[in-house]
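# Summary of structural features
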Amino acid sequence: MVNLKVKIGKMELKNPVMVASGTFGEEYGELIDINSLGAYVAKTITLEPRVGNPAPRIAETASGMLNSIGLENKGFEYFAKEKAPFLKKIRTAVVVSIAGDNASEFKELASRVSRLGYVDAIEVNLSCPNVKHGTRHGLIAQDEIATKDVIKAVKKASSVPVIAKLTPNVTDITKIALAAEDAGSDALLLVNTFFGMAVDIDTGKPRLGNITGGLSGPAIKPMVIKMVWETYKKVRIPVIGCGGIMDHKDAIEFMLCGARAIQVGTANFIYPEAALDIIDGIKRYMSEKKISDVRKLTGAIKL
Amino acid sequence: MKNEKAKIISNKQIAPDFFKMTVASAYLAKTSKPGQFLEVRCSRELDPLLRRPLGIHRILKNGIEMLYEVVGKGTKILSQKRPDETVEILGPLGNGFILNPNRDAILIAGGIGVAPLLALAEKITDSAERTADRKKLTVIIGARSKSHINCESDFNKTGCKTIVCTDDGSKGKKGLVTDVLKGLFPRTQDLGSSTLIYACGPNPMLKAIWAMALEKEIPCQFSFESHMACGVGVCLGCPVKVRKGLIDFEYKMVCKDGPIFNAGEILW
């Protein structure tokens, strides 16, 4: 028997394989056993409904996909009412991703979400425009002060562990990671999508309705692994890795470089059983390598 | 829905860039409805990455047929698959066409738009055979030129009236499907309560059909296409703008709320 349990703050996961926000939903319950996941992460919600970006929202690129969904969601009230029956039934950790325009919006949402009673952790989507600090072009997670403000506010309002989801679109992600840790974040999630763009040369038009979007998928994996590694060396809180994980080998690579848990995102779209295959693959790898505890993989890279 | 590993029975080129693939799957044969679609994994490599959404062309006794156009890397790989290989298919997905046996039906296909309409024509004629009062079924197929006209004989076999038109006049009437449609509209008859239009094709074609249908108050069910990632309503990647109240709009998803939409819903 191998131990697959890991802890993220005070949240216990039965295994280190989570699904990424916005890439998984109850629809997949028809195909796989959701309770076998390490954690179910719900799509980002905001206080008020958001209509989302114009079509097209998806463009495939070499070993990756660009998206510009625009945080489409029906708002907290709808979420609390409509998703409760499903989320309450889940017999694994439930994480809810939240976003807002400023620290007070994040705080209000965190307080409401943690009062729902069935949520095990709050994931803070910091890839939102940094409205408050003036630079409307930047994201919260591109600014140490804004990151600190938001995480502090969320921590104050939340009774469950807080996970800061960082953007890779920065010069030095460890600075933002340290800011989030200083503000009291219980864990760091690396990373959201990379800024990207693609053009249809026949029509001369951008391939996304929003012109630019975020790149995910195997194309970004090596860049994220490097960020996980650099961050792991500098922080004391757990790092969760997310970026282009398609199979258990990718997941283990992330863990060897410092990830305590991982999230599967784009792979769900291609084969919804990806996360469960990854759990099985990690178990097989551990038996083959005679590793009894999955926690021993974290940071075990041989230099 | 299931993620089926289905065996390929045949995969043939039927026109320049058009292929027809038949796969064995008792499950898909039993559960699929005309208008629904499938997410097909073209390759197990990382590039191309996403599945390709393909319409259900025909529902057979023990399998289904897909008609697809080779437009990029994914469909190119799909076109090279041989019989006896397996292909991973997620489906059936989305909602099918809604049939109304009390109305005459006009089916309008533009280019690859014939794909979901053959299954519909077969379903309509199948169920009509069992009702005494058989309604008229007319199919209009439009394309750029003769070589892009597909499935005319398949539609003819269902016993419907098939009218072909091409942009360049190389086959059938020269002109657009809307020109043909105009010719079908008698001046006096109350078409709004007796006829139903089903269409699949490029958006400008659908928009033009709707403009004409609206005048005659004919309800339309259109099948929409979109780039997609998940195909099941998870990623919200395939929006279509629909009316919300009198002045507002919202997005619905082609994969989950569609791919069949009532034309009146759409904010054109």
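The coordinates are above.
I will try to describe carefully the structure that is included in this document. Because the structure is a prediction, the values reported are computed rather than measured.

### Thoughts on the overall build of chain A
Across its full length, chain A holds nine helices and 16 strands. A compact globule built from 303 residues should have a C-alpha radius of gyration of about 19 Å, and chain A, at 18 Å, falls within 12% of that. Taken along its principal axes, the extent of the C-alpha atoms in chain A is 50 × 50 × 40 Å. Here chain A holds 303 residues, and 60% of them are scored as buried. Put simply, 69% of the contacts in chain A that link residues at least 6 apart link residues at least 24 apart. Measuring between centres, the 40 positive side-chain charges of chain A sit 5 Å from its 33 negative side-chain charges.

### Some points on the overall build of chain B
Helix and strand counts for chain B stand at six helices and 16 strands. Since a compact globule built from 268 residues should have a radius of gyration of about 18 Å, the 18 Å found for chain B is in line with a globular shape. C-alpha atoms of chain B, sized along the principal axes, occupy 55 × 45 × 40 Å. Counting all 268 residues of chain B, 57% fall into the buried class. Contacts in chain B between residues at least 24 apart in sequence constitute 64% of all its contacts with a sequence separation of at least 6. Of the roughly 12,200 Å² of accessible surface on chain B, 50% is carried by carbon and sulfur atoms. With 39 positive and 28 negative side-chain charges, chain B shows a separation of 2 Å between the mean positions of the two kinds.

### Points about the sheet that holds strand β2 (residues 18–24) of chain B
Adjacent strands of a sheet pair through backbone hydrogen bonds, lying either parallel or antiparallel. In space, the seven strands of this open sheet follow the order β4-β3-β7-β1-β2-β6-β5 (chain B), with antiparallel pairing throughout. Only two strands of the sheet have a single neighbouring strand rather than two, namely β4 (52–55) and β5 (58–59) of chain B.

### Details of the sheet that holds strand β11 (residues 194–197) of chain A
Residue and element names in this part refer to chain A. Spatially, the four strands line up as an open sheet ordered β5-β6-β14-β11, and their pairing is antiparallel. Strands with a single pairing partner mark the edges of an open sheet, and in this sheet they are β5 (58–61) and β11. Averaged over all pairs of adjacent strands, the angle between strand axes in this sheet comes to 40°, irrespective of strand direction.

### Describing the nonpolar core
Core analysis: the largest hydrophobic core is formed by 160 residues, its most contacted members being Ile98, Ile262 and Ile282 of chain A together with Ile108, Ile197 and Phe222 of chain B. Considering every element that reaches this core, the biggest residue donor is helix α9 (residues 274–288) of chain A, with eight residues. Membership of the second largest hydrophobic core comes to 28 residues, among which are Ile141, Ile149, Cys151 and Phe155 of chain B.

### As for the state of the cysteines
Residue and element names in this part refer to chain B. With the rule as written, the count across this model stands at zero disulfides over all chains. Cysteine cysteine 151 remains unbridged, with the sulfur of cysteine 160 as its closest cysteine sulfur at 11 Å. What makes cysteine 151 buried here is its relative accessible area of 9%. The thiol of cysteine 255 is unpaired, and the distance to the nearest cysteine sulfur, on cysteine 238, comes to 3.7 Å.

### A short note on the pairing of strand β7 (residues 93–98) of chain A
All names here are of chain A. Burial analysis of β7 places six of its six residues in the buried class, the great majority of the element. Pairing of strand β4 (residues 39–45) with β7 involves five bridges; the strand directions are parallel. Across the sheet, the residue bridging to isoleucine 45 is isoleucine 98, located in β7. As paired elements, β7 and strand β8 (residues 121–125) share four bridges and run parallel to each other.

Conventions and cut-offs
Residues numbered from 1 in each chain as written. Chains lettered and ligands numbered in written order. Predicted model: local features only at pLDDT ≥ 70, side-chain atom pairs only at ≥ 80, totals over all residues. Heavy atoms only, no water. Helix = DSSP H or I, 4+ residues; strand = E, 2+ residues; numbered from the N terminus. Rg over C-alpha atoms; globule rule 2.2 N^0.38 Å. Buried < 20%, exposed > 50% of the residue type's maximum accessible area, 1.4 Å probe, protein only. Contact = heavy atoms within 4.5 Å. Lys, Arg positive; Asp, Glu negative; His and termini not counted. Charge placed at Lys NZ, Arg CZ, Asp CG, Glu CD. Areas by Shrake-Rupley, 256 points an atom, 1.4 Å probe, with all protein chains shown as cover. Pairing = 2+ DSSP bridges. Axes fitted to C-alpha atoms, helices over the stretch in contact; angles between N-to-C directions. Core = buried A, V, L, I, M, F, W, Y, C linked by side-chain atoms within 4.5 Å. Disulfide = S-S within 2.5 Å.

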